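# Remarks on the overall topology
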Amino acid sequence: MIRLQARPLETLQDAYDLLQTAIGVEFGTLPPYLYALFSIPPGKNPAAGARIRSVMLQEMVHMCLACNILNALGGAPKLTPPTYPGPLPGDIGPHGTPLDIHLLPLSRDAMQQAMKIEEPEKVPDFPVLKASLAAGPQAMTIGQFYTMLDAYLATLPPAAWHVDRNQITDSQFFAGQIFAVNSYADANLAITQIISEGEGAPDNPLDFQNDIAHFYRFGEVFYDRVLTKAPGTETGYTWGPEPLGVDWDAVYPAISDPGEHDFSNDPPEAQAAQAACDAAYAEMVDELQRAISGEPGRMGNAAQAMFDLRMAMLVAFRSPLADPTKVSGPTFLYKPTTEGAVL
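Residues numbered from 1 in each chain as written. Predicted model: local features only at pLDDT ≥ 70, side-chain atom pairs only at ≥ 80, totals over all residues. Heavy atoms only, no water.

### Re the overall build of the protein chain
Within the protein chain, the regular secondary structure consists of 9 helices and 6 strands. For the protein chain, the proportion of its 343 residues judged to be buried stands at 53%. Summarising the internal contacts of the protein chain: among those between residues at least 6 apart in sequence, 71% fall at separations of at least 24. (Helix = DSSP H or I, 4+ residues; strand = E, 2+ residues; numbered from the N terminus. Buried < 20%, exposed > 50% of the residue type's maximum accessible area, 1.4 Å probe, protein only. Contact = heavy atoms within 4.5 Å.)

### Things to note about the side chain of His-214
One can find His-214 in helix H7 (residues 214-223). Reaching out from His-214, the side chain makes a polar contact with the side chain of Glu-118 at a distance of 3.4 Å. Contact partners of His-214, with chain neighbours within four places excluded, come to Val-55, Gln-58, Glu-59, His-62, Glu-118, Glu-197 and Gly-198. (Polar contact = N/O pair within 3.5 Å; in protein donor to acceptor, adjacent residues only side chain to side chain.)

### Considering the pattern of salt bridges
The full count for this structure, using the stated rule, is 5 salt bridges. A salt bridge links Glu-287 to Arg-298; the nearest nitrogen and oxygen atoms lie 3.0 Å apart. You can see Glu-287 sitting in helix H8 (residues 268-291) and its partner Arg-298 sitting in helix H9 (residues 298-316), a full 11 residues away along the chain. Classification of Arg-298 by relative accessible area gives partly exposed; the value is 25%. The partner of Arg-298 in a salt bridge is Glu-295, with the nearest N and O atoms 3.4 Å apart. The network of salt bridges with common partners includes Glu-287, Arg-290, Glu-295 and Arg-298. (Salt bridge = Lys/Arg side-chain N within 4 Å of Asp/Glu carboxyl O.)

### Side note on helix H2 (residues 30-38)
Among the 9 residues that make up H2, 9 are buried, leaving the element largely enclosed by the rest of the structure. Regarding H2, the residues found buried are Leu-30, Pro-31, Pro-32, Tyr-33, Leu-34, Tyr-35, Ala-36, Leu-37 and Phe-38.

Laid out in structure tokens, this is it:
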């Protein structure tokens, strides 16, 4: 289970630090989810791909909402791309030990890692799933982390909120899903959405829109079973019996953690694919940074860079390496662009 280290929350600066950690965690989950998603060849594993894609898009929304809260409080959100394999921001991990996040093609290992990231405070003991929770005294789940933040924000006076300061809205990105934060009520709504979509409600796998929360979407892929209501049972749900239809062999034979791979001896096509991925990723990060720093017009550039990254990843996953049984994959190594870098 991912757990954020408990820290004092007594001042506005403490809230800044916690929100920056939240932004880093939301942003840091995107590359591993993207890696698993685009390792699926077109037309293969549609149910698994749809679930991973839906979570990835909501993580983008969550990151924007966390940025909106920090901007509304007068802070300055910053995107700091993690290195993979490596820890997510905030010294997070099970029982005080940072959890290293890996870039993995679609596999049970990739889904198990995603479930650890999204695991709720109370793990449901649905049939098939047999998990235990051992809580460390100095740590908290992401949901508990946001709940603590919400409690502090409720104590702030109205004057603490800066109206229309550097806000990302659905007119720029994800129509109908992102909204401006101008008050505690807005922040509370954003935090409620983030917790609900990530972990579900207590003892319930559904979020506030009655959709399956992230942990359970990954669980469906991991167990290859559709999460099913089971009235009259102790837990109310089961994994299955209907299979989801996951074909673990219908995946590009991508290497894990390409950031640790030496591409210098690989075919020029594989090296060119890597360079294209790196360039598009850096462009996306830099444009996103500018968009959340008061240049909303940059969000359109970021969206274009996301499309470019998608196309580059598709090429990378089809590019054989020197070992012809393996293909490349994006490293998600950030290299600042020569123009527009703000990190």
